[in-house]
Amino acid sequence: MSELPRFGAGLWHFASYLDRYATDGYKEPLTTLEQIDRAGEVEDLSVVDVPYPFTEGVTVEQVKDALAKNGLECIGVTPEIYMRKYGKGAFTNPDPQVRADAIAFLHEAADVVRALGANYLKVWPGQDGWDYPFQVDHGQQWRLAVDGMRELAQANPDIKIVIEYKPREPRNKMFWDSAAKTALGIQAMGVDNVGVLLDFGHALFGGESPSAAAQLLIDHGLLWAMDVNDNLRGWDDDMVVGTVHPVEVFEFFYTLKINNWEGVWQLDQFPFREDTVEAANLSIRFLKGLHRALDELDIDALREAQSRQDAIGAQKLVQDVLFSCLRSE
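Here's what I pulled together on the structure shown here. (Residues numbered from 1 in each chain as written. Predicted model: local features only at pLDDT ≥ 70, side-chain atom pairs only at ≥ 80, totals over all residues. Heavy atoms only, no water.)

**Description of the sheet that holds strand 2 (residues 45-52)**
Each strand in a sheet pairs with another by means of backbone hydrogen bonds, the pair being arranged parallel or else antiparallel. Spatial strand order, 1-2-3-4-6-8-9-10: eight strands in a closed barrel with parallel pairing. For this sheet, the mean angle separating the axes of adjacent strands, direction not counted, is 30°. Relative to strand 10 (residues 265-267), strand 9 (residues 223-228) runs parallel, the two sharing two bridges. Each residue of the ladder has a partner; that of Val228, found in strand 10, is Leu267. Most of the contacts of helix 4 (residues 138-155) go to strand 6 (residues 161-164), to which it runs at about 155°, and overall it touches strand 4 (120-123), strand 6 and strand 8 (194-199). Docked against the sheet, helix 7 (residues 210-219) engages strand 8 and strand 9, running at close to 170° with respect to strand 8. (Pairing = 2+ DSSP bridges. Helix = DSSP H or I, 4+ residues; strand = E, 2+ residues; numbered from the N terminus. Axes fitted to C-alpha atoms, helices over the stretch in contact; angles between N-to-C directions. Contact = heavy atoms within 4.5 Å.)

Set out below in structure tokens:
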């Protein structure tokens, strides 16, 4: 069996969140340091993506110490540019002062990337977009979004920056909404330190094939990171990976394998009501079984079936290895 990949998780996996019904939250709130301790309880977890700012009173040095104590590394830093302050956008806000504040905050987050020795700064501008027809000038939105990312990248040439696209939420329509549009935007920036983080669930939710989206980004040298989870395809549910779409998850990782893509297999999940450590362990259990199935899959036979667009033959090959390997994990 080939060597297992490294497994990671967004630190938010271990936090407590509200929704518009359970406004008191589903669990007791945890500090950044307590979330890191919970992550340290997960088997085979080696890296985390850390939101910034940290919870009140927590310092960078304390985060570094907590990560080291739990045998974890920071793969990325995710600045919170999607809160109320940026309700009309971060890069695309109509107020130039808010745009300037967002860029300044992102520069600060880039310093945290350096301090923690992380691989990248992850940019998820969830409020950049629109809600109604005629609400925005789409040409201006493009210019503000692309120019803002270019400015950030040029000011931090030593830092890798990844854009995480998503079709909607919190805006009814997000600006960076697909693999293709994100690739075009990065091409227009003319920089070499911006790539893409592909979230499997965002691709599902957006009506994409996650496998096809991954291939597109790989072909353009832009797939620098990825998150996995699952959903019911009508919303970004961020469920435990493999619980709804195991075959599409398998195709996604098959695409990574045949392209020799190497990187962290990272969870982006929100187990609102479930035990967070158990949810992460179940996800990694599934991913380890899937990794074994990739080793056992007869790729030559699969390619031969694909050359004839033999859907039934391809499905039989996939089912035989995927479900037998999951049973043995």
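And the narrative resumes.
**Re the packing of helix 4 against helix 5 (residues 179-189)**
Interaxial distance between helix 4 and helix 5 falls to 9 Å at its minimum, and their mutual angle equals 60°. When the axis of helix 4 is compared with that of helix 5, the two are oblique. The two elements helix 4 and helix 5 cross, and the hand of that crossing is right-handed. Along the contact surface, helix 4 presents Trp142, Val146, Met149 and Arg150, while helix 5 presents Lys181, Leu184, Gly185, Ala188 and Met189. A class-by-class count of the residues in the contact of helix 4 with helix 5 yields six nonpolar, one polar and two charged. (Parallel < 35°, antiparallel > 145°, perpendicular 65-115°, else oblique. Left-handed = near helix turned anticlockwise from the far one by under 90°. Nonpolar A, V, L, I, M, F, W, Y, C, P; charged D, E, K, R; others polar.)

**Re unusual backbone geometry**
The omega torsion of the bond from Tyr52 to Pro53 falls at 10°, within 30 degrees of zero and hence cis. Within the secondary structure, Pro53 is located in the loop between strand 2 and helix 2 (60-69). Here Glu169 and Pro170 are connected by a cis peptide whose omega angle stands at 10°. Its location among the elements puts Pro170 in the loop between strand 6 and strand 7 (173-174).

**A closer look at the environment of Val63**
One can find Val63 in helix 2. Judged by its relative accessible area of 0%, Val63 falls in the buried class. Separated by 53 residues in the primary sequence, Val63 and Leu116 place their C-alpha atoms 8.3 Å from one another. Beyond its immediate sequence surroundings of up to four residues, Val63 is in contact with Thr32, Leu33, Ile36, Phe54, Val58 and Leu116. (Buried < 20%, exposed > 50% of the residue type's maximum accessible area, 1.4 Å probe, protein only.)

The analysis is restricted to geometry; functional conclusions fall outside its scope.
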